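Examining the three-dimensional arrangement
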Amino acid sequence: MLEVILYAVTLGITLSFAAGPVFFVIIETSISQGKTKALMLDLGAALADVIFILIAFYGSQSLISSLEDNIWVSLIGGLAVIVFGGYYILKSKTPGQFKNRVAVKRKRLFFFKGFLLNFLNVGVLFYWIATTVAIGSLVHHERSKMIMVYALIMLTYLTVDMFKIYFANKFKERFKGRNLQMVEKIIGLILLLFGVYIVIRAFL
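Residues numbered from 1 in each chain as written. Predicted model: local features only at pLDDT ≥ 70, side-chain atom pairs only at ≥ 80, totals over all residues. Heavy atoms only, no water.

As annotated in an unreviewed UniProt entry, the protein chain carries the name Putative threonine efflux protein and is attributed to Owenweeksia hongkongensis. UniProt, in the comment section headed Subcellular location (unreviewed entry), describes the protein chain in these words: "Cell membrane". (UniProt positions renumbered as here; feature names shortened; annotations may be inferred.)

Considerations on the overall build of the protein chain
Secondary structure summary: the protein chain contains nine helices and zero strands in total. Ordered by position from N to C terminus, the α and β elements of the protein chain give α-α-α-α-α-α-α-α-α. The burial tally for the protein chain puts 43% of its 204 residues in the buried class. Restricting the contact set of the protein chain to residue pairs at least 6 apart, pairs at least 24 apart contribute 88%. (Helix = DSSP H or I, 4+ residues; strand = E, 2+ residues; numbered from the N terminus. Buried < 20%, exposed > 50% of the residue type's maximum accessible area, 1.4 Å probe, protein only. Contact = heavy atoms within 4.5 Å.)

Some details on a nonpolar patch on the surface
Side chains of Met 1, Leu 2, Ile 5 and Leu 6 sit close together on the surface and give an oily, nonpolar patch of about 410 Å² of accessible area. As for its placement among the helices and strands, Ile 5 is situated in helix 1 (residues 2-16). (Patch = residues over 30% accessible without salt bridge, like charges linked within 9 Å, V, L, I, M, F, W, Y side chains within 5 Å. Areas by Shrake-Rupley, 256 points an atom, 1.4 Å probe, with all protein chains shown as cover. Salt bridge = Lys/Arg side-chain N within 4 Å of Asp/Glu carboxyl O.)

Section: the pattern of salt bridges
Between side chains of opposite charge, a pair can form as their charged atoms come close. Applying the stated criterion to the full structure yields two salt bridges. As a salt-bridge pair, Glu 142 and Lys 145 come within 3.8 Å of each other at their nearest N and O atoms. Judged by relative accessible area, Glu 142 falls into the partly exposed class, the value being 34%. Its relative accessible area of 31% is what places Lys 145 among the partly exposed residues. In this structure, Lys 164 engages Asp 161 in a salt bridge whose closest nitrogen and oxygen atoms are separated by 2.8 Å. Taken as a pair, Lys 164 and Asp 161 lie in helix 8 (residues 143-170) at a separation of three residues, close to a single helical turn.

With respect to the packing of helix 2 (residues 21-32) against helix 8
Orientation of helix 2 relative to helix 8, taken along the N-to-C sense of each, is 40 degrees, at an axis distance of 7 Å. In terms of orientation, helix 2 and helix 8 fall into the oblique class. The hand of the helix 2/helix 8 crossing is right-handed. For the pair helix 2 and helix 8, contact is made by Phe 23, Ile 26, Ile 27, Ser 30 and Ile 31 and by Asp 161, Lys 164, Ile 165, Ala 168 and Asn 169, respectively. A per-class count over the contact of helix 2 with helix 8 returns six nonpolar, two polar and two charged. (Axes fitted to C-alpha atoms, helices over the stretch in contact; angles between N-to-C directions. Parallel < 35°, antiparallel > 145°, perpendicular 65-115°, else oblique. Left-handed = near helix turned anticlockwise from the far one by under 90°. Nonpolar A, V, L, I, M, F, W, Y, C, P; charged D, E, K, R; others polar.)

Considerations on the packing of aromatic side chains
Centre-to-centre distance and the angle between the planes together describe a pair of aromatic rings. Counted under the stated rule, the structure contains six aromatic pairs. Centre to centre, the rings of Phe 57 and Tyr 150 are 5.9 Å apart; their planes meet at 90 degrees, and the pair counts as edge-to-face. Remark: Tyr 150 occurs in helix 8 and Phe 57 occurs in helix 3 (residues 35-58); sequence separation between them is 93 residues. We classify Tyr 150 as buried; its relative accessible area is 6%. A ring pair is formed by Tyr 166 and Phe 167, whose centres lie 5.1 Å apart and whose planes are at 75 degrees; its orientation type is edge-to-face. Residue Tyr 166 is classed as partly exposed on the basis of its relative accessible area of 39%. By relative accessible area, which is 42% here, Phe 167 ends up partly exposed. Taken together, the aromatic side chains of Phe 57, Tyr 58, Trp 128 and Tyr 150 make up a single cluster linked through ring pairs. (Phe/Tyr/Trp six-rings, centres within 6.5 Å; stacked < 30°, edge-to-face > 60°.)

Thoughts on the UniProt feature "transmembrane region" (unreviewed entry) in the protein chain
In this numbering, the UniProt entry assigns the feature "transmembrane region" (unreviewed entry) to residues 6-27, 39-59, 71-90, 110-135, 147-166 and 186-203. Strand forms 0% of residues 39-59 and helix 95%; the C-alpha atoms that close the span are 29 Å apart. The straight-line gap between the two end C-alpha atoms of residues 110-135 is 31 Å; of that span, 92% is helix and 0% is strand.

Right under this line is the structure:
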């Protein structure tokens, strides 16, 4: 049982530090927009993960195969990430301003943004499919144990992300003005590269 717990915690930490679009956007959001918006973005991404877990857990092999072979799924996801990247590059041309107050409607927008960033990345779905196969073999496909492992992974993931959000926001004073613009430009370029990679992989 200890082995299963350690495996789940390790996967949760790995998921939190996976170099995907959400990783960089959460850090940038915490620096430029504050901890609350970064947390809402993170929760939106987590909801997408939960949906992917359900698909991987209950989905049929035919559904998984159709998604894997459908070029349009990857193209749409890749183009969406490219659009986000372009947005950050354009945003970097205007000096960022830190805001102390966060409007409720803006929180909802960040939740939706986090959800889309994660949900449109079909690679995350295949990550959870692979993880489901590994978990199943580890716990002999016992449903209750698999659910427990999923819960531990997501709990670890969110806990580590809270530390990331806190420390990124704590040092935000070092990222004012040109420094913040540079961070936004780097985030934009990274997202563009991710998007281009997803599109190219679709054709290959």
